[in-house]
Amino acid sequence: MDLKGNWNYPTAIRFGAGRIRELPEVCRMLGLRRPLLVTDERLAKLPMVTDTVRLCTQERLSCAVYGGVQANPVADNVMYGVATYQAGGHDGIIAFGGGSALDVGKAVGLMVGQARPLFDFEDREDWFLRVNVSGMAPVLAVPTTAGTGSEVGRASVITDPADHVKKIIFHPRMMPAAVIEDPELTLGLPSNITAATGMDALSHSLEAFCSPAYHPLADGVAVEGMRLVKEWLPAAVANGHDLEARSHMLIASSMGATAFQKGLGAMHSLSHPCGANLNTHHGLTNAVVMPYVLMWNRPAIEGKMRRLAAYLGLGSAGFDAVLQWVLELRRGIGIPNTLADLGVGTQHARQFAGQALADPSTGGNPLPLTERDFEQLYLNCIRGDLRPAGGYGVGTGGGAENL
């Protein structure tokens, strides 16, 4: 089967093995002659970045590298990128890497022409109208992991060090003008990163599907994205050079981010404070909290889980089949059971609960949540307590044996 295609959903995507070689052509199509390649500190030192720069220089494009992106990026990662862009006289961005690099690349593309500070463009009310659109730089996105799907998104998640809160920077024009999805760039990714990023893709489709908003288009994308994860994530984790598995997971990643325009939920609300304060890996944190959030939301999602179980071809129907599949998938690919395994303690439950409640993802959760609910959810995730919403007060709960 030839896994290759050109798609315009939701942006122009060139998908297929080896298509990174088309990068100079896409740069020219976007009018880029002096692009700045934005990536993370680790990737900047690897041959795939130097090879990509060489592709550009061979085609007489002047391409420089900004490698100052950290995991769970902060505002300085963006603003140093802006300074590098302006000092080099660049005319566009190649956002290259995992979710953090893509988010920073898009944010640099936004900020190079703005007079206001970064967090003035947080996704609140109509703050995106503050953007000087004419000052934005074009962005070409090249994902090297299959998880966040940031290459098809209109926002960036950046931590504000002033209050240790992950904030969403948004503008409709932040969506990259073009994307190159080359699964060969994901070959050899370590199994633990493959597992964590793949579960991130699953969390996007799953939370979008569970959202109570009405968006049948997103639902259709979400269920097929979950089927691809079910069929191909274990293979991608088991063999880092399985090109077919890597290809399908790269598609599933973009599908998850396409679907979650419908909304997210408590998985992301719980995850963001952990990443902002303790620097936990975002996809891994989503994977850990996934079954606890599903169980909490069970009263509101039973019908949807029956439909999902049927679509995924699970052995039995209904919520229990989906929950069991998630638990078995986590065990099979080495996802830890509890947030305690990631360094989150009971002392963090109350501290993080307010941040989780204020997170924009909370509005998409199938059940309404209070700060007290989030405190209990954190305790459930820390202790391994798989119980539904209600029925007990803060501070009680079972142990990890409930898994």
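Residues numbered from 1 in each chain as written. Predicted model: local features only at pLDDT ≥ 70, side-chain atom pairs only at ≥ 80, totals over all residues. Heavy atoms only, no water.

Asker: Teacher, can you tell me more about the overall build of the chain here?
Answerer: Along the backbone of the chain there are 13 helices and 9 strands. Referenced to the eigenvectors of the C-alpha coordinate spread, the extents of the chain come out at roughly 65 × 50 × 35 Å. Relative to its 403 residues, the chain shows a buried fraction of 58%. Counting contacts in the chain only where the partners sit at least 6 residues apart, residues at least 24 apart contribute 73% of the total. Considering the chain, the positive charge centre built from 33 side chains and the negative charge centre built from 38 side chains are found 2 Å apart. (Helix = DSSP H or I, 4+ residues; strand = E, 2+ residues; numbered from the N terminus. Buried < 20%, exposed > 50% of the residue type's maximum accessible area, 1.4 Å probe, protein only. Contact = heavy atoms within 4.5 Å. Lys, Arg positive; Asp, Glu negative; His and termini not counted. Charge placed at Lys NZ, Arg CZ, Asp CG, Glu CD.)

Asker: I would appreciate a short explanation of the sheet that holds strand β3 (residues 35-40) in the present structure.
Answerer: In space, the 7 strands of this open sheet follow the order β1-β2-β9-β6-β5-β3-β4, with mixed pairing throughout. Each edge of the open sheet carries a strand with a single partner, namely β1 (4-8) and β4 (64-69). The sheet shows a mean angle of 20° between the axes of neighbouring strands, direction not considered. Here β1 runs beside strand β2 (residues 12-16); their pairing, made up of 5 bridges, is antiparallel. Note that in β2 the partner of lysine 4 across the bridge is glycine 16. Here helix α2 (residues 47-58) sits on the sheet in contact with β3, β4 and β5 (92-97), set at roughly 150° to β5. The strands touched by helix α4 (residues 99-111) are β3, β4, β5 and β6 (139-143); relative to β5, the strand with the most contacts, the crossing angle is about 170°. (Pairing = 2+ DSSP bridges. Axes fitted to C-alpha atoms, helices over the stretch in contact; angles between N-to-C directions.)

Asker: How should the packing of helix α5 (residues 191-210) against helix α10 (residues 298-312) be read in this particular structure?
Answerer: Any two packed helices are characterised by how steeply their axes cross, that is the angle between the axes, and by the distance between the axes. Closest axis-to-axis distance for the α5/α10 pair is 10 Å, and the angle between their directions is 125°. One element, α5, and the other, α10, form an angle in the oblique class. Taken together, the residues of α10 that come into contact with α5 (itself represented by Leu206, Phe209 and Cys210) are Ile301, Lys304, Met305 and Leu308. Grouping the constituent residues of the contact of α5 with α10 by class yields 6 nonpolar, no polar and 1 charged. (Parallel < 35°, antiparallel > 145°, perpendicular 65-115°, else oblique. Nonpolar A, V, L, I, M, F, W, Y, C, P; charged D, E, K, R; others polar.)

Asker: Sorry, what's going on with unusual backbone geometry here?
Answerer: Most peptide bonds adopt trans geometry, and most residues besides glycine take a negative phi value. Residue proline 10 is reached from tyrosine 9 by a cis peptide bond, and omega for that bond is 0°. Along the chain, proline 10 turns up in the loop between β1 and β2. Positioned with a positive phi, asparagine 72 is a non-glycine residue whose angle comes to about 50°. With respect to the element layout, asparagine 72 can be found in the loop between β4 and α3 (75-88).

Asker: When you look at the pairing of β6 in this model, what are you seeing that I'm missing?
Answerer: Burial analysis of β6 places 5 of its 5 residues in the buried class, the great majority of the element. Here β5 runs beside β6; their pairing, made up of 5 bridges, is parallel. Bridge assignment links phenylalanine 96 to a residue of β6, and that residue is valine 142. Where the polypeptide runs from β5 across α4 and back to β6, its parallel neighbour, the crossover connection is right-handed. Across 2 bridges, the pairing between β6 and strand β9 (residues 178-181) is parallel. Its bridge partner being in β9, alanine 141 is matched across the sheet by valine 179. (Right-handed = clockwise from strand over helix to strand, strands pointing away.)

Asker: What am I meant to see in helix α7 (residues 243-259) here?
Answerer: Turn by turn, an α-helix covers 3.6 residues, leaving residues three or four places apart pointing in a common direction. Over its 17 residues, α7 runs 24 Å from end to end, which matches the ideal 24 Å to within 8%, given 1.5 Å per residue. Of all 17 residues in α7, 15 are buried, a share of seventy percent or more. Measuring from the backbone nitrogen of glutamate 244 back to the side-chain oxygen at the start of α7 gives 3.2 Å, which picks out aspartate 242 as the cap. (Expected span 1.5 Å × (residues − 1). Polar contact = N/O pair within 3.5 Å; in protein donor to acceptor, adjacent residues only side chain to side chain.)

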